Amino acid sequence: AYLAYIFQPKIMDNTQTKIIVVGSLSQDMVLCVNYLPTPGETIIASDFKIGLGGKGNNQAIAASRSGVSTYFIGNIGSDEAGKLLKQSLIANCVHTECLYTDSNYGTGLAFITITPDGNNSIIIAPQANNNLKPELIEKSSYIFSGRYILLLQLETPIETSLTAAKIAFSQKQPIILNPAPAAKQLPKELLEIVDFFIPNQSETQILTGIEVTDFNSAKIAAQKLKSLGPKNIIITMGDIGVYALTDDNQEIIKTAYKVSAIDTVAAGDAFCGAFAAHYSQYNSIEPAIDYASCAGALATTKTGAVDSLPYKSEILDYLEKMAKIK
Ligand code: ADP
């Protein structure tokens, strides 16, 4: 019965819905260090790994792994990193005909340092991601057809996201904005047409000035975010869970699934991709939040970004296991 609730019969017709992600891709340079260097200091890393990431890339793969046809609009350099990212998207069944190759900029890079206490500091060199111009949305406009969900983050130029959002809005298709990395202010024009606004605790604090530590403070922050324009607010709160305030002012409170978290990288990306995938098929917020919070929890049980993103079968197995325990 629990799974029937998560996967209720389709409310809409059977027209296949797809997901369009407009966003970033990057090669992650991960440095494990004993401590962060102070200015002027040189230190030796204890380990080094190269991974694939970028919030757009991660969220597209997360959505595709939940079995929904996913299209990516992005910009890479004509280099080895770009090739690897494209191959990885293709291997994950993401459509890449609107993944463009820039002749002036290299692929985006993220330099990540991780200390033994698990804290990470990140420096991003956006490169080609910053050159994802609105013209590339116009060039990709042929994929904005039929039923789709538009999924956006803040690692590519805001005017490009706005161009895509305006098309989706004019075609009455839902828009999801994950306002990450954190921004103090966002264009009103964009916020007013967003259907689902999905910040984490720190992004919420930077936008509202309210420190989100529990569901009560999340409620106050969500009300403030809603007054900025988005229809539905979904605040992800790590191992606390999720607080959502819907368009018709319903509260949805979901405590986190209890897992042994080893690496929280990409939990938010897993959540956003899985939420978009589930909502695109069932058009129902609460079951989509439940499914997505399971995806976020499972992502913390594996290391890495793309490597930790769960498949639909893993999410369903876990939900089924939880339903039996209940
Ligand atoms: P971000 O990665 O953007 O900071 P969060 O940490 O809020 O995002 O994680 C997104 C969602 O993933 C959470 O709302 C929660 O449902 C799930 N999640 C994240 N961390 C954990 C955890 N340690 N245990 C269980 N669920 C988690």
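Check the entry above for the structure.
Residues numbered from 1 in each chain as written. Predicted model: local features only at pLDDT ≥ 70, side-chain atom pairs only at ≥ 80, totals over all residues. Heavy atoms only, no water.

**Q** Got a minute to help me understand the overall build of the chain in this structure?
**A** Of regular secondary structure, the chain possesses 11 helices and 14 strands. Here the C-alpha atoms of the chain give a radius of gyration of 19 Å, agreeing with the 20 Å that 2.2 N^0.38 yields for 326 residues. In terms of principal-axis extent, the alpha carbons of the chain reach across some 55 × 45 × 40 Å. The burial tally for the chain puts 55% of its 326 residues in the buried class. (Helix = DSSP H or I, 4+ residues; strand = E, 2+ residues; numbered from the N terminus. Rg over C-alpha atoms; globule rule 2.2 N^0.38 Å. Buried < 20%, exposed > 50% of the residue type's maximum accessible area, 1.4 Å probe, protein only.)

**Q** Quick question: what am I supposed to make of the side chain of Ser-308 here?
**A** For Ser-308, the position within the fold is in the loop between α10 (285-299) and α11 (312-325). According to the relative accessible area criterion, Ser-308 is buried, its value standing at 1%. Within the local environment of Ser-308, its side chain forms a polar contact with the backbone oxygen of Ala-299, the two atoms lying 3.5 Å apart. If near-sequence neighbours (up to four positions away) are discounted, Ser-308 is found in contact with Val-265, Ala-266, Leu-298, Ala-299, Lys-302 and Thr-303. (Polar contact = N/O pair within 3.5 Å; in protein donor to acceptor, adjacent residues only side chain to side chain. Contact = heavy atoms within 4.5 Å.)

**Q** Just checking my understanding: could you explain the nonpolar core for this structure?
**A** If you look at soluble globular proteins, the nonpolar side chains tend to sit buried side by side. Judged by nonpolar contacts, the single largest core of 50 residues is most densely connected at Ile-19, Ile-234 and Phe-275. Looking at which element gives the most residues to this core, the answer is α10, with 10 residues. Setting aside chain neighbours within four positions, we find Ile-19 in contact with Ala-63, Val-68, Ser-69, Thr-70, Tyr-71, Ile-149, Leu-151, Ala-276, Ala-277 and Ser-280. (Core = buried A, V, L, I, M, F, W, Y, C linked by side-chain atoms within 4.5 Å.)

**Q** I keep staring at the packing of aromatic side chains and nothing clicks. Help me out?
**A** The geometry of an aromatic ring pair comes down to the distance between the two centres and the angle between the two planes. Enumeration over the complete set of coordinates arrives at six aromatic pairs. Judged by centre distance (5.1 Å) and plane angle (65°), the rings of Phe-196 and Phe-275 are edge-to-face. One end of the pair, Phe-196, is in strand β11 (residues 196-197); the other, Phe-275, is in helix α9 (residues 267-282), with 79 residues separating them in the sequence. A relative accessible area of 2% means that Phe-196 is categorised as buried. A relative accessible area of 0% places Phe-275 in the buried class. (Phe/Tyr/Trp six-rings, centres within 6.5 Å; stacked < 30°, edge-to-face > 60°.)

**Q** I tried to follow the site of the ligand on my own but got confused; where do I start?
**A** Near the ligand there are 18 residues, and of these Asn-200, Thr-236, Gly-238, Tyr-257 and Gly-268 occur at the shortest range. A distance of 2.9 Å separates an oxygen atom of the ligand from a polar atom in the side chain of Asn-200. Summarising the interface, the protein chains cover 85% of the accessible area of the ligand, which totals 550 Å² for the free molecule. Among the elements of the structure, β13 (241-245), α9 and α10 are those that each provide at least two residues to the shell around the ligand. When grouped by side-chain class, the residues that make up the shell around the ligand number nine nonpolar, eight polar and one charged. (Near = heavy atom within 4 Å. Areas by Shrake-Rupley, 256 points an atom, 1.4 Å probe, with all protein chains shown as cover. Nonpolar A, V, L, I, M, F, W, Y, C, P; charged D, E, K, R; others polar.)

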